[in-house]
Amino acid sequence: ADSANLTPRHLAAAGASYCPVTVMGMEHTTEFSSFLREDRTSFDAEKCRQEHIEAALELIRRDPGIGAILLECTNMPPWALDIHLATRLPVYDFRTMLCGVVAALGPADSFPLSAGPFWQFDSLFLRILHSSARAGSTNHTLTRFARMV
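Novice: Just checking my understanding: could you explain a nonpolar patch on the surface for this structure?
Specialist: On the surface, F94, M97, L98 and V101 cluster together to form a nonpolar patch covering roughly 360 Å² of accessible area. By the secondary structure assignment, F94 is in helix 5 (residues 94-105).

Novice: Which parts of the structure should I look at to understand unusual backbone geometry?
Specialist: Negative phi values dominate among residues other than glycine, just as trans dominates among peptide bonds. Although it is not a glycine, D39 sits at a positive phi angle of roughly 55°. Tracing the sequence through the fold places D39 in the loop between helix 2 (31-37) and helix 3 (45-62). Using a relative accessible area of 64% as the deciding quantity, one classes D39 as exposed.

Novice: I tried to follow the nonpolar core on my own but got confused; where do I start?
Specialist: Soluble, globular proteins show a tendency: their nonpolar side chains are buried together. The biggest cluster of nonpolar side chains holds 17 residues, and the ones touching the most others in it are F32, I69, L71, M76, I83 and V91. When contributions to this core are tallied by element, the ones reaching two or more residues are helix 3, strand 2 (69-71) and helix 4 (80-87). In terms of residues, this core owes the most to one element, helix 3, which gives 4 residues. Those residues within four positions of F32 in sequence are excluded, and the remaining contacts are A1, M26, C48, E51, H52, C73, N75, M76 and W79.

Novice: Whenever I open this one, the packing of aromatic side chains confuses me. Can you help?
Specialist: Centre distance and the angle of the planes are the two values used to describe a pair of aromatic rings. Evaluation of the coordinates by the stated rule reveals 3 aromatic pairs. Residues F32 and W79 carry aromatic rings whose centres are separated by 6.0 Å and whose planes lie at 85° to one another, so their mutual orientation is edge-to-face. Here F32, found in helix 2, pairs with W79, found in the loop between strand 2 and helix 4; they are 47 residues apart in sequence, far enough to count as distant. A single burial state applies to F32 and to W79, both of which are buried. Given the relative accessible area of 7%, W79 is considered buried. An aromatic cluster is defined as three or more aromatic residues linked by ring pairs; in this entry it consists of F32, F35, F43 and W79.

Novice: Looking at this model, I keep getting lost on the packing of helix 3 against helix 4. Mind explaining?
Specialist: Packing of helix 3 against helix 4 brings their axes to within 9 Å, and their N-to-C directions diverge by 40°. In terms of orientation, helix 3 lies oblique with respect to helix 4. Helix 3 and helix 4 meet at a crossing whose hand is right-handed. Judged by residue contacts, R49, H52, I53, A56, L57 and I60 of helix 3 engage D82, I83, A86 and T87 from helix 4. For the contact of helix 3 with helix 4, the class distribution of residues is 6 nonpolar, 2 polar and 2 charged.

Procedures and definitions
- Residues numbered from 1 in each chain as written.
- Predicted model: local features only at pLDDT ≥ 70, side-chain atom pairs only at ≥ 80, totals over all residues.
- Heavy atoms only, no water.
- Patch = residues over 30% accessible without salt bridge, like charges linked within 9 Å, V, L, I, M, F, W, Y side chains within 5 Å.
- Areas by Shrake-Rupley, 256 points an atom, 1.4 Å probe, with all protein chains shown as cover.
- Salt bridge = Lys/Arg side-chain N within 4 Å of Asp/Glu carboxyl O.
- Helix = DSSP H or I, 4+ residues; strand = E, 2+ residues; numbered from the N terminus.
- Buried < 20%, exposed > 50% of the residue type's maximum accessible area, 1.4 Å probe, protein only.
- Core = buried A, V, L, I, M, F, W, Y, C linked by side-chain atoms within 4.5 Å.
- Contact = heavy atoms within 4.5 Å.
- Phe/Tyr/Trp six-rings, centres within 6.5 Å; stacked < 30°, edge-to-face > 60°.
- Axes fitted to C-alpha atoms, helices over the stretch in contact; angles between N-to-C directions.
- Parallel < 35°, antiparallel > 145°, perpendicular 65-115°, else oblique.
- Left-handed = near helix turned anticlockwise from the far one by under 90°.
- Nonpolar A, V, L, I, M, F, W, Y, C, P; charged D, E, K, R; others polar.

Following this line, the structure appears as C-alpha cells:
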C-alpha cells in the first residue's frame, strides 16, 4: 500500500510503460497503513473505509482525467464499492481480474462455483459497471487509468 513500491520499472516490465498512470499510495493513512505494517489482528473498519474514500477523492483531485481505479493491494477490495460510490468510477482489483479469467473459461452456468456468494457479489459489481456504461461514464478503452497502491 506504499506508492514507492510501484515504479516506472514495474510498469515497463508489465508492458504498460506507455499507459498514463497516476499512483496514489496509502502510506499517509493512519489506520490502514499501521494495520498492515504492524500486522495487527484487529482494525477500525470505518476509519479504513474513510481513508480509502479520502485517498480516492485526492487521486481524482490530482488527476481529474482518471477513468478507472485499480486497487493494487489485496487488502483494499473490501472498500471497492465505497470508492466506486464516492468517485462514480469503475473500480478494479484482483477479484475482478479473477472474474475475467473465470469468464474466459466459459459460460457461468458451466463453472461449478458460479452459484457461490463470491459470484453473487460479482454480479452486483457487473450491474454497477453496466449502469455506469449506460450513463456514458465509461467506455471500452479507458483514456486514463489509475492505480491505488
